[in-house]
Amino acid sequence: MLIKHRPLQYESQLTRRSIEQIELLVIHCTELPDMAEARRFGEKALYPSGTGNSGHYYIDREGHMECWVQPEYVAHHVKGHNANSIGIELDNLGRYPDWFHSQKQTPTQHYTDSQISQLIKLVQHLESNI
């Protein structure tokens, strides 16, 4: 399985953890137009530490996988569960651009077969290696 490592510039500034702390996989959709926009969003420093919000792994619509934050680091992807989870992001519009519009909360874009296939492989890989 090919996972391209494309660390965010602040990866080494994130809190380190032991792999044994990981208890959860949290699967998100990017809710942005494309992977390039997701990367721009992930690169933004939002905290005094110089770090920002991102998942660990990203799967684009063609099924290509990238690791932006290695599992031994705590990524900021889900409030209250960052320290014990790995975030997997699927490239998908989700509710974009109407995240907060009360009448537009149903995502309209389906995940691709390639994404789902690669997601299953990634989960199996993580189960075997973490």
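Residues numbered from 1 in each chain as written. Predicted model: local features only at pLDDT ≥ 70, side-chain atom pairs only at ≥ 80, totals over all residues. Heavy atoms only, no water.

Participant: So what about the overall build of the protein chain? Which residues, and what values?
Facilitator: Counting secondary structure elements, the protein chain contains two helices and five strands. The N-to-C order of helical and strand elements in the protein chain reads β-β-α-β-β-β-α. Taking 2.2 N^0.38 as the reference for a compact globule, 130 residues should give roughly 14 Å; the C-alpha atoms of the protein chain span a radius of gyration of 14 Å, in line with that estimate. The principal-axis extents of the C-alpha atoms in the protein chain amount to approximately 40 × 35 × 25 Å. Counting over 130 residues, the protein chain shows a buried share of 41%. Looking at the protein chain alone, contacts between residues at least 24 apart form 73% of all its contacts between residues at least 6 apart. Of the charged side chains in the protein chain, 12 are positive and 16 negative; the average position of the first set lies 4 Å away from that of the second. (Helix = DSSP H or I, 4+ residues; strand = E, 2+ residues; numbered from the N terminus. Rg over C-alpha atoms; globule rule 2.2 N^0.38 Å. Buried < 20%, exposed > 50% of the residue type's maximum accessible area, 1.4 Å probe, protein only. Contact = heavy atoms within 4.5 Å. Lys, Arg positive; Asp, Glu negative; His and termini not counted. Charge placed at Lys NZ, Arg CZ, Asp CG, Glu CD.)

Participant: If you had to explain the sheet that holds strand β3 (residues 57-59) to someone new, which residues and values would you point to?
Facilitator: The sheet built from five strands is open, its strands ordered β1-β4-β3-β5-β2 with mixed pairing. The sheet is open, and its two edges are formed by β1 (3-5) and β2 (24-29), each paired on a single side. Across the sheet, the mean angle separating the axes of adjacent strands is 25° when strand polarity is ignored. Pairing analysis gives three bridges linking β3 to strand β4 (residues 65-67), with the strands arranged antiparallel. Within the sheet, the bridge partner assigned to Y58 lies in β4 and is E66. (Pairing = 2+ DSSP bridges. Axes fitted to C-alpha atoms, helices over the stretch in contact; angles between N-to-C directions.)

Participant: Before we move on, could you go through the pattern of salt bridges and cite the residues and values that matter?
Facilitator: In this structure the tally under the stated criterion is five salt bridges. Between E31 and R95 there is a salt bridge, with the nearest N and O atoms lying 2.7 Å from each other. Taken together, the residues E31 in the loop between β2 and α1 (35-43) and R95 in the loop between β5 (85-90) and α2 (113-129) connect sequence positions 64 residues apart. A relative accessible area of 23% means that R95 is categorised as partly exposed. (Salt bridge = Lys/Arg side-chain N within 4 Å of Asp/Glu carboxyl O.)

Participant: Residues and numbers for the packing of aromatic side chains, please.
Facilitator: A complete count under the given rule lists two aromatic pairs for this structure. Seen in terms of ring centroids, Y58 and W68 are 3.5 Å apart; in terms of plane orientation they differ by 20°. Their pairing is stacked. Here the residue Y58 occupies a position in strand β3, and W68 occupies one in the loop between β4 and β5, the gap between them amounting to 10 residues. Y58 gets classed as buried once you look at its relative accessible area, which sits at 4%. Judged by relative accessible area, W68 falls into the buried class, the value being 0%. Ring centres of Y96 and W99 lie 5.6 Å apart, and the angle between their planes is 65°; this geometry places the pair in the edge-to-face category. A cation over an aromatic ring shows up here: R39 above the ring of W68, its NZ or CZ 4.8 Å from the ring centre. (Phe/Tyr/Trp six-rings, centres within 6.5 Å; stacked < 30°, edge-to-face > 60°. Lys NZ or Arg CZ within 6 Å of the ring centre and 35° of its normal.)

Participant: Describe the layout of surface pockets, listing the residues and the values that go with them.
Facilitator: Space inside the largest pocket adds up to approximately 510 Å³. The wall of the largest pocket is formed by 21 residues, among which T30, F41, N53, H77 and E89 lie closest to the centre. Only β2 and α1 provide two or more residues apiece to the lining of the largest pocket. Its residues placed into classes, the lining of the largest pocket shows nine nonpolar, eight polar and four charged. (1 Å grid on protein atoms, 1.4 Å probe; cavity = no way out; pocket = protein on both sides within 12 Å on 5 of 7 lines; lining within 4 Å. Points joined across faces, edges and corners; volume = space filled by probe spheres on them. Nonpolar A, V, L, I, M, F, W, Y, C, P; charged D, E, K, R; others polar.)

Participant: How would you summarise the side chain of T112 if you had to cite specific residues and measurements?
Facilitator: Of note, T112 is situated in the loop between β5 and α2. In this structure T112 comes out as buried when scored by relative accessible area, which is 18%. A polar contact is formed between the side chain of T112 and the backbone nitrogen of Q115, at a distance of 3.0 Å. (Polar contact = N/O pair within 3.5 Å; in protein donor to acceptor, adjacent residues only side chain to side chain.)

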